[in-house]
Amino acid sequence: MIRRSIQALVGIVLVIGLVFKFMHYPGAAALLGSAILGMAVLLLDRIIQHRAPKLMSRHNISCMLGVIYLLAVAFKVFHLPGAGIMLMTSMVGLTIVLIQFAFSIRSSKYAILPALYSITLLFALFRIMRWPEIPHVLYGSYFIFAIALPFLLFSRAQELKKTHGPLSKNFLMLGLLTLVLLALEIKLRVYPEALGTPIYQLRIVQTALVSAIILSAQKTIQAGPAVDKKTYDYQILRFIQGAYLILLVMLILVARNH
């Protein structure tokens, strides 16, 4: 109970910090710094709480790379030395973990999701570090991922409709949230000034949607015994949480450039 309350508090502080950053309100840096530190501590706690039999398990490695990624973003925001090397270490490491995860579930239709996201993450690093990029790879891989995700979630919701009704509704809701986010991100990328909507307002809505997807994935995991650690559903829902947490934290760098 206490752990969940802390997780909720950290999430709220992060979202408020992002809103403050997009709105250029004072106190944004302190809020974001506190949230990042809290997330890093929660990831370390997760390693301890769910420690795997093997020290070098994918779970432990992912959490440690997540901690490095969080600290790298914090260092980047506060202009501290070492941010670049930590970003390279964490994002390249997470890319490799995602490729290995995709290979491990290659018999599932879900395997395309971590494979595509690994490409996005690697080329996001190129963009952050201002290295030469292959044109359209970053957004191409991300938008193919963002299109495939709701399609697969809707498909799974339909499959579960007769056997696990409540779980089917959770998958449907998660699919709807990812679809709305996709529409918003297409607008941000292609028609940012359409309808006269300020970009900072769209970014705030994007932050809210990403947060809602993370919460919806968690709720779906907790929906019942049909989602256990041995199923592809559980693994992909955990992946969705992690992928959108990475995106949520990356929005700090986006806000920094506005």
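Residues numbered from 1 in each chain as written. Predicted model: local features only at pLDDT ≥ 70, side-chain atom pairs only at ≥ 80, totals over all residues. Heavy atoms only, no water.

The next subject is the overall build of the protein chain. In terms of helices and strands, the protein chain carries nine helices and zero strands. Start at the N end of the protein chain and walk to the C end: the helices and strands fall as α-α-α-α-α-α-α-α-α. In summary, the protein chain has a C-alpha radius of gyration of 18 Å against a globular reference of 18 Å for 258 residues, a match within 12%. Structurally, the protein chain occupies a C-alpha span of about 50 × 50 × 40 Å along its principal axes. (Helix = DSSP H or I, 4+ residues; strand = E, 2+ residues; numbered from the N terminus. Rg over C-alpha atoms; globule rule 2.2 N^0.38 Å.)

Time to look at the layout of surface pockets. By volume, the second largest pocket is sized at about 880 Å³. Sorting the residues of the lining of the second largest pocket by element identifies helix 5 (112-129), helix 6 (137-160), helix 7 (165-190), helix 8 (199-221) and helix 9 (232-256) as the ones contributing at least two each. It is helix 9 that provides the largest number of residues to the lining of the second largest pocket, a total of seven residues. Of the residues in the lining of the second largest pocket, the class split is 17 nonpolar, four polar and seven charged. (1 Å grid on protein atoms, 1.4 Å probe; cavity = no way out; pocket = protein on both sides within 12 Å on 5 of 7 lines; lining within 4 Å. Points joined across faces, edges and corners; volume = space filled by probe spheres on them. Nonpolar A, V, L, I, M, F, W, Y, C, P; charged D, E, K, R; others polar.)

To continue, consider the packing of aromatic side chains. Scanning all chains against the criterion turns up eleven aromatic pairs. Considering the side-chain rings of tyrosine 142 and phenylalanine 143, the 5.7 Å spacing of their centres and the 70° angle between planes classify their relative orientation as edge-to-face. When sorted by exposure, tyrosine 142 lands in the same class as phenylalanine 143, which is buried. A network of ring pairs unites the aromatic residues Phe101, Tyr117, Tyr139, Tyr142, Phe143, Phe145, Phe239 and Tyr244 as a single cluster. Seen from the ring of phenylalanine 103, arginine 106 lies directly overhead, with NZ or CZ sitting 4.1 Å from the centre. Across the ring face of tyrosine 139, the terminal group of arginine 189 is positioned such that the distance to the ring centre comes to 3.8 Å. (Phe/Tyr/Trp six-rings, centres within 6.5 Å; stacked < 30°, edge-to-face > 60°. Buried < 20%, exposed > 50% of the residue type's maximum accessible area, 1.4 Å probe, protein only. Lys NZ or Arg CZ within 6 Å of the ring centre and 35° of its normal.)

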